[in-house]
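# A closer look at the structure
Residue strings, one per chain:
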Amino acid sequence: MIIQKSANPRISNFDLENFSFGNTFIDHMFICEYEDGKWGEPKIMPYGPIGFSPAMMGVNYGQACFEGMKAYKDENDDVFLFRPEKNFSRINKSTSRLAMPEIPKDIFMEGLKTLIDLDRDWIPKGEGMSLYIRPVIFATEEVLKARISNKYMFAIVATPAKSYYAEPVSVKISDHYSRAANGGVGFAKAAGNYAASFYPTKLANEEGFEQVIWTDDIAHEYFEESGTMNVFVRINDTIYTPKTSDKILDGVTRDSFIKLAEKRGIEVVIGDVRVKDVVEAFDNGTLKEVWGVGTAVVTSVFKSLGYQDRLLTLPVLSDEESFALSLKKDLTDIQTNKAEDPFGWRFKVERKILEKA
Ligand SMILES: Cc1ncc(COP(=O)(O)O)c(C=O)c1O
């Protein structure tokens, strides 16, 4: 791998305690290009723009997909990724569905580890703090033909993160729009899935809701996901979550929540979550919690659900009473090396670059 270090690192001028998420990137980025049926030499270089033509296939035909993952720093400044192999296998499920080349494991993992090791000083420490990492692959061939591209770029960029959506939010159960369809690309982290969700989300925002609970495209009878998260519903003391399918992203946080809930002895039912049953549980007082889970926020607690012309206001639970918040704590304690890791989920990023320097 070629490593070209930045001559002007920006980290010393960046306030890791006071920043806004998503618009400042770490000093370096990883790139690897694919052409003529093979991957080229991977490279780490200073973060910055790369010139492309508006005729680039990725922007015209949407062959683009990505991952979202985080690195955490513990009290001793050790750095950990969380289940990175899951993101590795998922990006290749996405590339395969979008007829893009598979990213080899050594390119993905070595690129990731080396970049995070090199820019470990950018990882903020403390409650809710992390480095958000974005592996992304897009078609770079410049040709205006609606066909599979012959050229791609795989890149990894990263930005410091703190928890957002911390306040409980109000969400709208969709009775018109869907984010995915049978046989479609809902299970892939295809860039176009997000583009398609923005308009319905904007309409929901105008009605006062922060997010949309996506329902099936056939009759809007079943919960699928919420915003860019998987969704959980608690009725009495049982939690329900839709099973993954070609319409639902197989979230790393969802899988971790299921395993942590089972470890706590909470009954988890993975299957159809019917809107009608959720509304009925609300009406008979057994609906306790509804929440979303994903890497970015870990848990987004819902305070109310808008359904047609009704607003279902959920009970306010203490942190201890709430399954959503108890499981969030179980998970973040593992991620940040505050608790035992019985599942072997933490992945330590060894200090290699700095030792050599
Ligand atoms: C559509 C969608 N669903 C669910 C998730 C949650 O997945 P994960 O827990 O792997 O972040 C994401 C990404 O964060 C997403 O984009």
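Residues numbered from 1 in each chain as written. Predicted model: local features only at pLDDT ≥ 70, side-chain atom pairs only at ≥ 80, totals over all residues. Heavy atoms only, no water.

Going by the annotation in an unreviewed UniProt entry, the name recorded for the protein is Branched-chain-amino-acid aminotransferase, with Halpernia humi given as the source organism. Within the UniProt record for the protein, the comment given under Function (unreviewed entry) is "Acts on leucine, isoleucine and valine." Comment text from UniProt for the protein, heading Sequence similarities (unreviewed entry), reads "Belongs to the class-IV pyridoxal-phosphate-dependent aminotransferase family." (UniProt positions renumbered as here; feature names shortened; annotations may be inferred.)

## Concerning the UniProt feature "modified residue: N6-(pyridoxal phosphate)lysine" (unreviewed entry) in the protein
Those places that UniProt annotates as "modified residue: N6-(pyridoxal phosphate)lysine" (unreviewed entry) correspond, in this numbering, to Lys189. If you trace the backbone, Lys189 turns up in the loop between β10 (169–173) and α4 (191–206). In this view, Lys189 contacts Ala64, Cys65, Phe66, Glu67, Gly68, Arg90, Ser94, Tyr194 and Leu249; residues no more than four positions away in its chain are not counted. (Helix = DSSP H or I, 4+ residues; strand = E, 2+ residues; numbered from the N terminus. Contact = heavy atoms within 4.5 Å.)

## A word on the site of the ligand
For the ligand, the set of nearby residues contains 15 residues, the closest of which are Arg90, Tyr194, Glu225, Thr253 and Thr295. At 2.8 Å from an oxygen atom of the ligand is found a main-chain nitrogen or oxygen belonging to Val252. In the model, an oxygen atom of the ligand is placed 2.5 Å from a nitrogen or oxygen of the Thr253 side chain. Alone, the ligand offers 380 Å² of accessible surface; in the complex the protein occludes 96% of this. At the level of secondary structure, the elements contributing two or more residues to the shell around the ligand comprise β13 (229–235), α5 (252–263) and β16 (287–294). (Near = heavy atom within 4 Å. Polar contact = N/O pair within 3.5 Å; in protein donor to acceptor, adjacent residues only side chain to side chain. Areas by Shrake-Rupley, 256 points an atom, 1.4 Å probe, with all protein chains shown as cover.)

## Examining the pairing of strand β9 (residues 152–161)
In terms of burial, β9 is a largely internal element, ten of the ten residues being buried. Taken together, the five bridges between strand β2 (residues 28–35) and β9 define a ladder with antiparallel strand orientation. In the strand pairing of β9, Glu33 is matched with Met153. Where strand β8 (residues 130–139) lies against β9, ten bridges are found, and the strand directions are antiparallel. Note that in β9 the partner of Ala139 across the bridge is Tyr152. (Buried < 20%, exposed > 50% of the residue type's maximum accessible area, 1.4 Å probe, protein only. Pairing = 2+ DSSP bridges.)

## Description of the domain arrangement of the protein
As assigned here, the protein comprises domain 1 (2–162) and domain 2 (169–335). Facing 19 residues of domain 1, the contacting portion of domain 2 comprises 21 residues. Sorting the residues of domain 1 by area buried against domain 2 places Phe82, Arg90 and Arg97 first, and these three jointly supply 34% of that buried surface. Run the count over domain 1 and domain 2 and you get one salt bridge. Ionic pairing is found between Arg83 and Asp255, a salt bridge with its closest N-O pair at 2.8 Å. One can count eleven residue pairs in polar contact (both at pLDDT 80 or more) joining domain 1 with domain 2. Grouping the constituent residues of the side of domain 1 that touches domain 2 by class yields nine nonpolar, three polar and seven charged. (Domains from an automatic or database assignment. Buried area = accessible area lost by both parts, 1.4 Å probe. Salt bridge = Lys/Arg side-chain N within 4 Å of Asp/Glu carboxyl O. Nonpolar A, V, L, I, M, F, W, Y, C, P; charged D, E, K, R; others polar.)

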